Amino acid sequence: MTIISKVNKFVKSKYDNDEYNWIHNEFVTKHALKLGKLLEADLEILEIAARLHDIDFSRGKKFHTEDSAKLAEKFLKKEGYPSKKIEQVKLAIMCHTHSIIKTIKRPSLEGKILHDADKMWLLTPAGIARAIAHRYKENTSYEFIIKTLNKLLNFFSELQFDTSRKMIKKDYELCRKFVEGLKDV
Ligand SMILES: [Fe+2]
Ligand SMILES: [Fe+2]
């Protein structure tokens, strides 16, 4: 069994009853690899990091980046994956969170790509729908939901590569029109 198959099996077992997270994972992995091919990144590191980037939410969203990098390290070590490559996977996972990539001196190519693939999800109808559902659950006001959605749309200009912007532009335009329409009630 290849390391990629082992990682996939591990992630699937973790997401057993969580359809949403699996859909997000599939989106991020697919788009990361698409970008990775165009930008000539290390596709093995990228695929492993994409699959494992949200693997540990046990202490909540605030710590999930660090926790996922740690759990990825633990899993890959156990599988005998080379330590230099484990460091590359961990760095890419750390970069996927916008507030963290800004603090990293030399984010890797794979990290920047993973960041974009993760944020591109928020610029799709599925990402927007999920954000609305989340906010309704939290009983927030209609105005606050619109404010949150506009914040998500701002990620379009925060993407690291023009290639990412080109790839997600259609979805972004659709979501932007939708959010603008929400204001006209
Ligand atoms: Fe995340
Ligand atoms: Fe994610």
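Residues numbered from 1 in each chain as written. Chains lettered and ligands numbered in written order. Predicted model: local features only at pLDDT ≥ 70, side-chain atom pairs only at ≥ 80, totals over all residues.

Below, the discussion takes up the overall build of the protein. A count of helical and extended segments in the protein gives eleven helices and zero strands. Order of helices (α) and strands (β) in the protein, N terminus to C terminus: α-α-α-α-α-α-α-α-α-α-α. In summary, the protein has a C-alpha radius of gyration of 17 Å against a globular reference of 16 Å for 185 residues, a match within 12%. Each of the three principal axes of the protein carries a C-alpha extent, and together these read 55 × 35 × 30 Å. Relative to its 185 residues, the protein shows a buried fraction of 35%. Here the analysis covers contacts within the protein between residues at least 6 apart in sequence; of these, 59% occur between residues at least 24 apart. (Helix = DSSP H or I, 4+ residues; strand = E, 2+ residues; numbered from the N terminus. Rg over C-alpha atoms; globule rule 2.2 N^0.38 Å. Buried ≥ 20, exposed ≤ 12 C-beta atoms within 10 Å, placed from the backbone. Contact = placed C-beta atoms within 7 Å.)

In this structure, Phe155 sits in helix 10 (residues 155–158). Sequence spacing of Phe155 and Lys119 is 36 residues, and the spatial spacing of their C-alpha atoms is 6.6 Å. Among all residues touching Phe155, those that are not within four sequence positions of it are Lys119, Leu122 and Leu123.

A few words now on the nonpolar core. One finds Leu46, Ala49, Val89 and Leu114 to be the most contacted residues of the largest nonpolar core, which totals 37 residues. Shared between two domains, this core takes at least three residues from each, and those domains are domain 1 (1–108) and domain 2 (122–185). (Core = buried A, V, L, I, M, F, W, Y, C linked by C-beta atoms within 7 Å. Domains from an automatic or database assignment.)

Below, the discussion takes up the domain arrangement of the protein. According to the domain assignment, the protein contains domain 1 (1–108) and domain 2 (122–185). Distance from the C-alpha centre of domain 1 to the C-alpha centre of domain 2: 24 Å. In this complex, domain 1 contributes eight residues to the contact, which on the side of domain 2 involves seven residues. A per-element tally of the side of domain 1 that touches domain 2 places helix 2 (residues 19–39) first, with seven residues. Within the side of domain 1 that touches domain 2, the residues separate by chemical class into five nonpolar, two polar and one charged. (Nonpolar A, V, L, I, M, F, W, Y, C, P; charged D, E, K, R; others polar.)

One non-glycine residue, Glu40, lies in positive phi territory at about 60°. Tracing the sequence through the fold places Glu40 in the loop between helix 2 and helix 3 (43–52). A residue is classified by how many C-beta atoms lie within 10 Å of it, and Glu40, with 8 of them, is exposed. Phi angles above zero are rare outside glycine, and Asn139 is one such case at about 60°.

Taking 1.5 Å as the rise per residue, helix 5 (residues 83–95) with 13 residues should run 18 Å; its terminal C-alpha atoms sit 19 Å apart, in good agreement. Of the surrounding secondary structure, the elements contacted by the buried residues of helix 5 are helix 3, helix 4 (64–78), helix 6 (98–101) and helix 7 (109–121). (Expected span 1.5 Å × (residues − 1).)

Attention shifts here to the packing of helix 3 against helix 7. Where helix 3 contacts helix 7, the axes come no closer than 10 Å and their chain directions differ by 40°. What the angle tells us is that helix 3 and helix 7 run oblique. Between helix 3 and helix 7 lies a crossing whose hand is right-handed. In this structure, helix 3 uses Ile45, Leu46, Ala49 and Ala50 to contact helix 7, whose residues at the interface are Glu110, Ile113, Leu114 and Ala117. Residues that form the contact of helix 3 with helix 7 fall into these classes: seven nonpolar, no polar and one charged. (Axes fitted to C-alpha atoms, helices over the stretch in contact; angles between N-to-C directions. Parallel < 35°, antiparallel > 145°, perpendicular 65-115°, else oblique. Left-handed = near helix turned anticlockwise from the far one by under 90°.)

Next up on the list: the packing of helix 2 against helix 3. One can describe the packing of helix 2 onto helix 3 by two numbers: an axis separation of 9 Å at closest approach and a directional angle of 160°. Taken together, the axes of helix 2 and helix 3 lie roughly antiparallel to each other. Every pair of crossing elements has a handedness; the one defined by helix 2 and helix 3 is right-handed. Residues Asn25, Val28, Thr29, Ala32, Leu33 and Gly36 of helix 2 touch helix 3, and the partners they reach there are Leu43, Leu46, Glu47, Ala50 and Arg51. Class assignment of the residues belonging to the contact of helix 2 with helix 3 gives a composition of six nonpolar, three polar and two charged.

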